[in-house]
Amino acid sequence: MPLRNLTYLPIVLARHLERESGAGSGGITVRLTSTGKILISYRRYTAFGGVEVYEMARRHNGGWGRHTLQDGVAEAWGMLMPTARKAEDVIDWVRREQGTVHDERHRPSLIPLVRVRPLIRRIGDEARAWSLEIDLSKVRRRGDLEGMHRFLSTAWRWSPPGLGWFSVEEVPDLLVSGGITAEMLAEIRERLAHHGAEVREDQPWGIAEDGVTARLDALGLLHTITANRQDRRCLALPDKCLAHEWPEWRSLLDDLDVDSREERASHHAPPEIDWSRVPGWSAPVASGKLLRDYQRAGIEFIASRGFRAMIGDAMRVGKTAQAIGAVNARGCRRIVAILPRSVVHVWRRQIEEWSHPGEEPRIIEVRGSTNPPTPRDLTGDPEDGRATWVLVTYDTVTPRSESVTLRYREDQQEEIEEVFATAGAADAITRVDADSLKVTLDPDDEPLLRAVEQVRFPTWLLEAEKIRSALTRAGGQVRRALTLWDPDGVILDEAYRIKNPKSARTRTVRALIQAPHRLGLLLSGTLIRNHFDVEGLPMLEAVVALDDHYHAARRAGIDKTALAQTLFKKFMLRRKLSDVRDQLPPKIRETVEIPLGGVCQISGQLVGSGVAG
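Engineer: Before we move on, can you summarise the overall build of the protein chain with the specific residues and values?
Structural biologist: In terms of helices and strands, the protein chain carries 23 helices and 29 strands. By element, 48% of the accessible surface of the protein chain is carried by carbon and sulfur atoms, the whole surface being about 32100 Å².

Structural data, given as structure tokens:
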């Protein structure tokens, strides 16, 4: 039902009625004041026979002002005449000049009727379940516009400050207030009784058979409400409300016997998923294990979010197995797992373990940022059809600033500066002292990095190989190789490591995982305890495009904290150990062989030969 907001209704309507009365149509209105004197009201600049009413009343000693009328309540502006005789002289003059005189001195006062009807309205945490309603149709039929004018002109005395009023286009004689509380209603009753108005409680007006439908968007952020606005009970329902506010609205609708239902926009998984191709789903893997019910539920959750989601299960619940299962459910063949160094061996073992019997996925560990995988390493044999997993640490994939100090003899300084200047890389070197220069490589300055790559180092420069290694790290060769490989799935373990949106690590990882055509999966059992919006949203933004949601949240008046909570409820699945304990075996024992290397290996050999100790 289209509404027109008339927040200052008493003033707007009083002027409207005044224009409809004689005072607004080239005539005058005659009233009695509370002191028994005659008040002549008229529209500004009203004139008869070339003389304004104001001028004629002044000739008869009238005085302009605002006066209380005979009912002791309403007030009106006009010329107050000192005597009845002089007032009659002005009235006779108007009639002689063919003007209209509306004499209200002997008309009985209007006793207005104000109805109180149920209204669905909630402002903040405050329920406002009533509204006031003034029906002008009877007033118009009686022709007592002036009486209604007098009543409405005093509305500021009984209407609470800031109470909104609405006119209804389909029912032009109906005026509806905004929602009021029980306390406000009690106060209004007392004030209206003092003004001689009748307050009557009434049933909802215009009840319709249609129910109310609230459709939740795919994000789970906003409900779009569809209702028959002809139904008086639904007049003040908002068009949209936040997801957590809908239960309160639904409760109010239930109280007023309005049918309501909720619809949800579906997150559609791929139309057909062959769950049998997920190792451990219906048949045991080579180790004899099966996915547990909650792990299958986690994989289905990831699929229902378009394979871009976050698993926040607590430690030891089995996030890795769910991630591997999601990869297989989607059919990914090129997968990058970005991990802390301490869990690389765990992932290798889990990938091998959660594979079909007889299958052996290719697993490539990127060992150091100076040894990026080559296209041949990543591609392998195209005919073997095996999935390729690349395991890389956060530090290895992230380009970082590098610096190399160059030592030289005094006669070699000019040659070093010349080869850098020739390649356009003069800005990369700075003097440290009389016999040394420093080469600084900034990963964000790609033109300078490309220039340094073109430098032809003198054969005597001992630090040349160090500069080349530093270029590999600063230039992000590992990241570049993985980007060119174009993986169809990227997984981040311990994803809380990208909570700082300004860090180089976060920017690098996002560039790999944000592509919407890829599986993007975040794993983190670490809770975000502080600054949920500041630290949580940058993590989720890696797999969910949030720009549109930020805009929608601003329009709906949702702050970032509430937005973050809503988003995490929609895109993150978290189960505590206590939630799944009944599906876990009493204890799992595994033997993990860790090869010794470096100093540990030498120490072991010495102990074995009896040298040490």
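Moving on, there is more to tell.
Engineer: Break down the packing of aromatic side chains for me, with residues and values.
Structural biologist: Scanning the entire structure with this criterion turns up six aromatic pairs. With 6.0 Å between their ring centres and 20 degrees between their planes, Trp 64 and Trp 77 make a pair best called stacked. Taken as a pair, Trp 64 in strand 6 (residues 63-68) and Trp 77 in strand 7 (residues 75-80) lie far apart in primary sequence, 13 residues in all. Trp 64 sits in the partly exposed class, given a relative accessible area of 45%. Arranged with centres 4.4 Å apart and planes meeting at 15 degrees, the rings of Trp 275 and Trp 281 form a pair that is stacked. Given the relative accessible area of 14%, Trp 281 is considered buried.

Engineer: Could you give me a rundown of the sheet that holds strand 6, with the residues and numbers involved?
Structural biologist: Taken in spatial order, the five strands line up as 6-7-3-2-8 in an open sheet, and their pairing is mixed. Only two strands of the sheet have a single neighbouring strand rather than two, namely strand 6 and strand 8 (100-103). The mean inter-strand angle of the sheet, taken between neighbouring strand axes irrespective of direction, is 40 degrees. One ladder, built from six bridges, connects strand 6 with strand 7; its direction is antiparallel. When the sheet's bridge partners are listed, Arg 66 is paired in strand 7 with Trp 77.

Engineer: Pulling in residues and values, what's your account of unusual backbone geometry?
Structural biologist: In the Ramachandran plot, Asn 61 falls in the positive-phi region, its phi being about 65 degrees despite a non-glycine side chain. Residue placement: Asn 61 occurs in the loop between helix 2 (53-59) and strand 6. For Phe 307, which is not glycine, the phi dihedral falls at a positive 60 degrees.

Engineer: I'd like a rundown of the pairing of strand 20 (residues 308-311), residues and numbers included.
Structural biologist: Where a strand is regular, its side chains alternate between the two sheet faces. In strand 20, alternate side chains face the same way, and those of Arg 308 and Met 310 on one face and Ala 309 and Ile 311 on the other are all buried. Here strand 20 pairs with strand 28 (residues 519-523) via four bridges, running parallel. Bridge pairing in strand 28 links Arg 308 to Gly 520. Pairing of strand 20 with strand 29 (residues 572-573), which is carried by two bridges, proceeds in the parallel orientation. The partner of Met 310 across the bridge, within strand 29, is Met 572.

Engineer: Please give an account of the environment of Thr 472 that cites residues and values.
Structural biologist: With respect to the helices and strands, the residue Thr 472 is situated in helix 16 (residues 464-474). Between the C-alpha atom of Thr 472 and that of Ser 369, which follows or precedes it by 103 residues, the distance is 7.0 Å.

Engineer: Tell me about the pattern of salt bridges, residues and numbers included.
Structural biologist: In this structure the tally under the stated criterion is 19 salt bridges. Between Arg 575 and Asp 313 there is a salt bridge whose closest N-O contact spans 2.9 Å. Here Arg 575 is found in the loop between strand 29 and helix 22 (577-580), whereas its partner Asp 313 is found in the loop between strand 20 and helix 10 (319-330), with 262 residues between them in sequence. Residue Arg 575 shares its accessibility class with Asp 313, and that shared class is buried. Between Glu 352 and Arg 348 there is a salt bridge, with the nearest N and O atoms lying 3.7 Å from each other. Pair noted here: Glu 352 and Arg 348 are both in helix 11 (residues 344-353), with a separation of four residues, about one helical turn. For Glu 352, a relative accessible area of 44% translates into the label partly exposed. For Arg 348, a relative accessible area of 26% corresponds to the partly exposed category.

Engineer: Which residues make up the sheet that holds strand 26 (residues 436-441), and what are the values?
Structural biologist: The strand order across the open sheet built from three strands is 24-26-25, with neighbouring strands paired in antiparallel fashion. Among the strands making up the open sheet, the edge pair consists of strand 24 (402-407) and strand 25 (429-433). With direction set aside, neighbouring strand axes in the sheet form an average angle of 30 degrees. Pairing geometry for strand 25 and strand 26, over four bridges, is antiparallel. If you follow Thr 430 over to strand 26, its bridge partner there is Lys 438. This element, helix 14 (residues 413-422), spans strand 24, strand 25 and strand 26 of the sheet and lies at about 160 degrees to strand 25.

Engineer: Provide a residue-level description of the confidence of the model for the protein chain, including the pertinent values.
Structural biologist: Scored by pLDDT, the protein chain comes out at a mean of 78, with 75% of its residues at no less than 70. Ranking the elements of the protein chain by mean pLDDT puts strand 1 (residues 3-5) last with 43 and strand 27 (residues 489-493) first with 95. Per-residue pLDDT stays below 50 along residues 1-25; that stretch engages in 60 contacts with residues further than four places along the chain or on separate chains. Below a pLDDT of 50 lies the segment residues 602-613, which in the model reaches three contacts outside its immediate sequence neighbourhood of four places, other chains included.

Engineer: Kindly report on the pairing of strand 28, identifying the contributing residues and their values.
Structural biologist: Among the five residues in strand 28, five count as buried, and that is most of the element. Because side chains alternate across strand 28, one face comprises the buried residues Leu 519, Leu 521 and Leu 523, and the other comprises Gly 520 and Leu 522, equally buried. Where strand 27 lies against strand 28, five bridges are found, and the strand directions are parallel. Bridge pairing in strand 28 links Ile 491 to Leu 521. With helix 18 (residues 504-513) bridging strand 27 and its parallel neighbour strand 28, the resulting β-α-β unit is right-handed.

Quick notes on the rules
Residues numbered from 1 in each chain as written. Predicted model: local features only at pLDDT ≥ 70, side-chain atom pairs only at ≥ 80, totals over all residues. Heavy atoms only, no water. Helix = DSSP H or I, 4+ residues; strand = E, 2+ residues; numbered from the N terminus. Areas by Shrake-Rupley, 256 points an atom, 1.4 Å probe, with all protein chains shown as cover. Phe/Tyr/Trp six-rings, centres within 6.5 Å; stacked < 30°, edge-to-face > 60°. Buried < 20%, exposed > 50% of the residue type's maximum accessible area, 1.4 Å probe, protein only. Pairing = 2+ DSSP bridges. Axes fitted to C-alpha atoms, helices over the stretch in contact; angles between N-to-C directions. Salt bridge = Lys/Arg side-chain N within 4 Å of Asp/Glu carboxyl O. Contact = heavy atoms within 4.5 Å. pLDDT = per-residue confidence, 0-100. Right-handed = clockwise from strand over helix to strand, strands pointing away.

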